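# Structural overview
Residue-level listing of the chains:
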Amino acid sequence: MVFLFLATSCQKDESFTSEEANYTIDLNLANETDWKMADEILVLVNEYRNTLGLTPIISDKQFASAYAVDHSHYMMAKSQINHDNFGVRAQALRDNGAERVGENVAFGYNTAEAVVQAWLNSEGHREIIEGNFSHSGFGVLKASDNRYYFTQLFYKK
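The following paragraphs examine the structure supplied in this document. (Residues numbered from 1 in each chain as written. Predicted model: local features only at pLDDT ≥ 70, side-chain atom pairs only at ≥ 80, totals over all residues. Heavy atoms only, no water.)

### Re the nonpolar core
Judged by nonpolar contacts, the single largest core of 24 residues is most densely connected at Ile41, Val115, Val140 and Phe150. Taken together, the elements giving at least two residues each to this core come down to helix H1 (35-51), helix H4 (112-120), helix H5 (123-129), strand S4 (135-142) and strand S5 (148-156). The leading source of residues in this core is H1, at seven residues. Among the nonpolar cores identified, the runner-up in size contains 12 residues, and Tyr67, Phe86, Ala90 and Leu153 belong to it. (Core = buried A, V, L, I, M, F, W, Y, C linked by side-chain atoms within 4.5 Å. Buried < 20%, exposed > 50% of the residue type's maximum accessible area, 1.4 Å probe, protein only. Helix = DSSP H or I, 4+ residues; strand = E, 2+ residues; numbered from the N terminus.)

The following block contains the structure:
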């Protein structure tokens, strides 16, 4: 018998406080994301936003993506999705000019279409996608068992 585990979660920055004071990140981490899938996710998110008359999200392939990749690595190490230390990511983005920050995470989806559809089918995730954000960073990583972990950070500059 095979069990398929698919999970998603979202978080807005209003309810989190910073857990640490160190907001530095190695920007080279952003290069580890699966940019083909991340770009597909962004196209689907922007197509959806367009149907609502919302402005498109711009990809941040450095700073926010480095933090997103770092968090996806963290979730892989724990073998679970979570928003642990979201306050650190949110504060780092605010310190870099963001006015607001949101985050969607997921695990176990194999395509951009599947993860975006799961987020759109969830009220909280959909609210993040529909939110007043201008940029997004991606941490899309495939684990050794070929399952993907997703962190998508949204922010408004």
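### Notes on the side chain of Arg89
Within the secondary structure, Arg89 is located in helix H3 (residues 86-95). Within the structure, Arg89 has its side chain in polar contact with the side chain of His71 (distance 3.2 Å). A polar side-chain atom of Arg89 sits 2.8 Å from a polar atom in the side chain of Glu103. Once residues lying within four places of it in the same chain are set aside, the contact partners of Arg89 are Tyr67, His71, His83, Asp84, Glu103 and Leu153. (Polar contact = N/O pair within 3.5 Å; in protein donor to acceptor, adjacent residues only side chain to side chain. Contact = heavy atoms within 4.5 Å.)

### Here we look at the packing of helix H2 (residues 63-78) against H3
Running from amino to carboxyl end, H2 crosses H3 at an angle of 170 degrees, the nearest separation of the two axes being 10 Å. It follows that H2 is roughly antiparallel to H3 by the angle criterion. In contact with Phe63, Ala64, Tyr67 and His71 of H2, H3 contributes Arg89, Ala92 and Leu93. Residues belonging to the contact of H2 with H3 are distributed by class as follows: five nonpolar, one polar and one charged. (Axes fitted to C-alpha atoms, helices over the stretch in contact; angles between N-to-C directions. Parallel < 35°, antiparallel > 145°, perpendicular 65-115°, else oblique. Nonpolar A, V, L, I, M, F, W, Y, C, P; charged D, E, K, R; others polar.)

### Examining the pattern of salt bridges
Considering all chains together, one arrives at four salt bridges under this definition. Of the charged contacts, one joins Lys36 and Glu40 as a salt bridge, the two residues approaching to 2.9 Å between their closest N and O atoms. One end of the pair, Lys36, and the other, Glu40, are both in helix H1, four residues apart, so they sit about a helical turn from each other. A residue is classified by how much of its surface remains accessible, and Lys36, at 62% relative accessible area, is exposed. With a relative accessible area of 29%, Glu40 lands in the partly exposed category. The partner of Asp39 in a salt bridge is Lys61, with the nearest N and O atoms 3.5 Å apart. Taken together, the residues Asp39 in helix H1 and Lys61 in the loop between strand S2 (58-59) and H2 connect sequence positions 22 residues apart. (Salt bridge = Lys/Arg side-chain N within 4 Å of Asp/Glu carboxyl O.)

Honestly, it's all geometry; don't read function into it.
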